[in-house]
Amino acid sequence: MHQHTLKELSVLLDKKEISSTEVTQALLERIETHEPTLNAMITVDNDGALEAAKHADAAINELGGTASAGKPLLGVPLIHKDIFCTEGVLTTCASHMLHNFKSPYDATVVERLRAQGTVMLGKANMDEFAMGSSNENSHFGAVGNPWQTDRVPGGSSGGSAAAVAAGYAPVATGTDTGGSIRQPAAFCGLSGIKPTYGRVSRYGMIAFASSLDQGGVLARSAEDCAYLLGPMSGVDPRDSTSVDQPVDDFVTALDGSGLSVTVDSSGDAPLNGVRIGVAAEYFSDGLDKAVATEVRQAISKLESLGASIVEISLPNQHLCIPAYYAIAPAECSSNLSRFDGVRYGHRCESPVDLEDLYKRSRDEGFGREVKRRILIGTYVLSAGYYDAYYLKAQKTRRLISDDFAEAFKSVDMIAGPATPTTAFARGSKTADPVSMYLNDLYTVSANLSGLPAMSIPCGFADGLPVGLQLVSNYFKESELLYVSHQFQQIDDSHQQRPRGFE
Ligand code: GLN
């Protein structure tokens, strides 16, 4: 049962060839078997999942199937990143600060997917407060990559990625502030999409850097991403940054309908008419040679599908990491000031006064990387350094955005590597934060400019998956999904399974 994609499960549930209870039970057993090796979950909600599955089965019987009711997700199991608030089930953000936190409400993403009849199996491990690129910053311990368990699964949505790659669930939610969906997708051989900033509501999604944070999906195929992303998307009155723009039908877009470029998915050149930009800056020194080779081959495959490949330039690419690592910590230091030991979360024992309560609760509650970010953020925002660091970073952010705007005058999307290397060994970068930050070399620019971006598997280097990143213009998620889906018709990288987790 764990081998089915979301789409396949949906069809089987519709025909009543399997029940939601059966598949939920099977997946819960699988989680139990593999958790000692992977540690991809923070909370497994056995009872809640079986209860939700029972309801889904009753609804399927009543409706006579899922398809007729237009509810393709009815009875489909999934896993939420532990950054999304779930009423009645712990939401820890992988922090000791929130180790005992039960939200009184559901995040909009959780609520909307629940309303579709999905079955939440539990909450995935992650880097604490989504800060990290390896999932080694979790209060609940590191996560193994199913492809090689002594390698990292990427971060911060590392638990979501390892869980889907190991067959715990066909899909999982994630969030991406600087690459946290795309980088783990690349490391674990998955398809992951970060939509346009504002496409998915951030209500109930614990804030890291509010101008960059965006929810999205990790799945085994672009097709499955399309199924889950649709119901998650759309304006939400409870998030003023969510955008009031019609949401495309991502599923029908897989066949080319409703795109702003004209394509013919029935022929042998389904990408005819799609202009794909390739930037020399993405193939610079930092990129591993074997990764570069796989990505270049994938770009050739896109060309063989009819896409025209256009050379473009992103001249400010080298400024992305410095700009991101000033802006993200600045926003983090502000957002995380709410964890004060007073209203919720961890509180120190016997405080002598209010200052002691704040100081010790925060000292005990936050891990090292979170503290480092708060310190950096407070520093770049402080009176004497604001202009030199924060303001400069904001100006740089504009230059980075302008580069994309210029590029999108001549191309529909940009293709390149998702990550500089494949999954690295656990422990190999923990002592050097800068080398860890450099993992985000190709991903942070989409967040800085708010653009939608996706990573899909495009080959292997030394047995580890390689990710191809596609970035498109605002609100063109449909085009990313279409191109990725067409690529997955002629490339089987996304169908490979890690040994021991087939
Ligand atoms: N690795 C990046 C960071 O640590 C991105 C994290 C994310 O996207 N949440 O900030």
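Residues numbered from 1 in each chain as written. Predicted model: local features only at pLDDT ≥ 70, side-chain atom pairs only at ≥ 80, totals over all residues. Heavy atoms only, no water.

Caption draft 1: Spatial organisation of the site of the ligand. Surrounding the ligand, one finds 15 residues, the nearest of these being Thr177, Gly178, Ser180, Tyr324 and Arg373. A distance of 3.3 Å separates an oxygen atom of the ligand from a polar backbone atom of glycine 179. A distance of 3.5 Å is found between an oxygen atom of the ligand and a side-chain nitrogen or oxygen belonging to tyrosine 325. Isolated, the ligand exposes 300 Å² of accessible area, and the fraction of that covered by the protein chains is 100%. A class-by-class count of the residues in the shell around the ligand yields 5 nonpolar, 7 polar and 3 charged. (Near = heavy atom within 4 Å. Polar contact = N/O pair within 3.5 Å; in protein donor to acceptor, adjacent residues only side chain to side chain. Areas by Shrake-Rupley, 256 points an atom, 1.4 Å probe, with all protein chains shown as cover. Nonpolar A, V, L, I, M, F, W, Y, C, P; charged D, E, K, R; others polar.)

Caption draft 2: Structural detail: the nonpolar core. One finds Phe129, Leu302 and Leu468 to be the most contacted residues of the largest nonpolar core, which totals 149 residues. Those residues in contact with phenylalanine 129, other than ones at most four positions away along the chain, are Cys93, Ser95, Met97, Leu98, Ile206, Phe208, Leu336, Phe339, Phe366 and Val370. (Core = buried A, V, L, I, M, F, W, Y, C linked by side-chain atoms within 4.5 Å. Buried < 20%, exposed > 50% of the residue type's maximum accessible area, 1.4 Å probe, protein only. Contact = heavy atoms within 4.5 Å.)

Caption draft 3: Representation of the packing of helix H9 (residues 289-304) against helix H16 (residues 477-490). Close contact between H9 and H16 brings their axes to 10 Å; oriented N to C, the two are set at 100°. As far as their axial angle goes, H16 and H9 are roughly perpendicular. In this structure, H9 uses Ala298, Lys301, Leu302 and Ser304 to contact H16, whose residues at the interface are Val483, Phe487 and Ile490. Here the contact of H9 with H16 is built from residues that sort into 5 nonpolar, 1 polar and 1 charged. (Axes fitted to C-alpha atoms, helices over the stretch in contact; angles between N-to-C directions. Helix = DSSP H or I, 4+ residues; strand = E, 2+ residues; numbered from the N terminus. Parallel < 35°, antiparallel > 145°, perpendicular 65-115°, else oblique.)

Caption draft 4: Structural view of a nonpolar patch on the surface. Judged by side-chain polarity, Val342, Leu354 and Tyr358 come together as a nonpolar surface patch covering roughly 250 Å² of accessible area. Along the chain, leucine 354 falls in helix H11 (residues 354-365). (Patch = residues over 30% accessible without salt bridge, like charges linked within 9 Å, V, L, I, M, F, W, Y side chains within 5 Å. Salt bridge = Lys/Arg side-chain N within 4 Å of Asp/Glu carboxyl O.)

Caption draft 5: Examining the pairing of strand S6 (residues 215-219) more closely. Most of S6 sits out of view: 5 of its 5 residues are buried. Along S6, one buried face is formed by Gly215, Val217 and Ala219 and the opposite face, lined by Gly216 and Leu218, is buried too. Bridge count between strand S4 (residues 171-175) and S6: 5 bridges; the pairing is antiparallel. Across the sheet, residue threonine 175 finds its bridge partner in S6, namely glycine 215. Here strand S5 (residues 191-194) runs beside S6; their pairing, made up of 3 bridges, is antiparallel. (Pairing = 2+ DSSP bridges.)

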